[in-house]
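Now for the letters of each chain:
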Amino acid sequence: MANFNKVILMGNLTRDIELRHTQGGMAIAKFGMAINRKTSSQSGEAKETTCFVDCTAFGKSAELLSQYVRKGSPLFVDGRLEFSTWEAKDGGGKRSKLEVVVENFQFMGGGNREGGAGGGAAGGGERRGGGRPAQEGAAGGGGEVDYGDIPF
């Protein structure tokens, strides 16, 4: 039977990134995200619910995230779910946690960071932008795209 473990989230950081390093020097970033969902009841009343998700990034991705995002920053993340269990230090029994291990990400929003938009891959800091670079001499004369004009 085939298995598939993929998570795609877009939300805001609930706290500043907690950056640590292993004894071997690998960076580990832990952070939380809040993902809002707007719905309406049958009576037409608008409701908003929030899902809080813990995330972990490794390597170059962890370093980039800790450098460029802060509490409240919008972020697009894709990764996988990972379930962990452990014994509580205070003797309180077994503990468990479901979190997202970040494989790729994309900065969202303007922010006040230097440089352009970018992202990272957990393996080697490969940058992945959300769109394609502008090509010189492309039809339409270049410039900003008004996404409101796209029919889908």
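Whatever comes next refers back to the structure up there.
Please read all numbers here as calculations on a predicted model, not as lab measurements.

Chemist: Sorry, what's going on with the pattern of salt bridges here?
Modeler: A side chain of one charge can pair with a side chain of the opposite charge when the charged atoms of the two come close. In this structure the tally under the stated criterion is eight salt bridges. A salt bridge links D54 to R15, with the shortest nitrogen-to-oxygen separation between them at 3.6 Å. Of the two residues, D54 is situated in strand β4 (residues 46-58) and R15 in the loop between β1 (7-13) and β2 (18-21); the sequence distance between them amounts to 39 residues. Across the pair R80 and E82 runs a salt bridge whose closest N-O atoms are separated by 3.5 Å. In this structure R80 comes out as partly exposed when scored by relative accessible area, which is 30%. Overlapping salt bridges bring together K6, D78, R80, E82 and E103 as one network.

Chemist: When you look at the packing of aromatic side chains in this model, what are you seeing that I'm missing?
Modeler: For any pair of aromatic rings, geometry is given as the distance between the ring centres together with the angle between the planes. Using the criterion set out here, one finds two aromatic pairs in the structure. An angle of 65° between the planes, with centres 5.7 Å apart, marks the rings of Y68 and F107 as edge-to-face. In this pair, Y68 sits in helix α1 (residues 59-68) while F107 sits in strand β6 (residues 94-107), placing the two residues 39 residues apart along the sequence. A residue is classified by how much of its surface remains accessible, and Y68, at 29% relative accessible area, is partly exposed. Note on F107: relative accessible area 6%, which makes it buried. On the basis of an interplanar angle of 65° and a centroid distance of 5.3 Å, the ring pair of F105 and F107 is categorised as edge-to-face. Under the relative-accessibility criterion, F105 is labelled buried at 3%. Grouped by ring-pair contacts, the aromatic residues Y68, F105 and F107 constitute a single cluster.

Basis of the calculations
Residues numbered from 1 in each chain as written. Predicted model: local features only at pLDDT ≥ 70, side-chain atom pairs only at ≥ 80, totals over all residues. Heavy atoms only, no water. Salt bridge = Lys/Arg side-chain N within 4 Å of Asp/Glu carboxyl O. Helix = DSSP H or I, 4+ residues; strand = E, 2+ residues; numbered from the N terminus. Buried < 20%, exposed > 50% of the residue type's maximum accessible area, 1.4 Å probe, protein only. Phe/Tyr/Trp six-rings, centres within 6.5 Å; stacked < 30°, edge-to-face > 60°.

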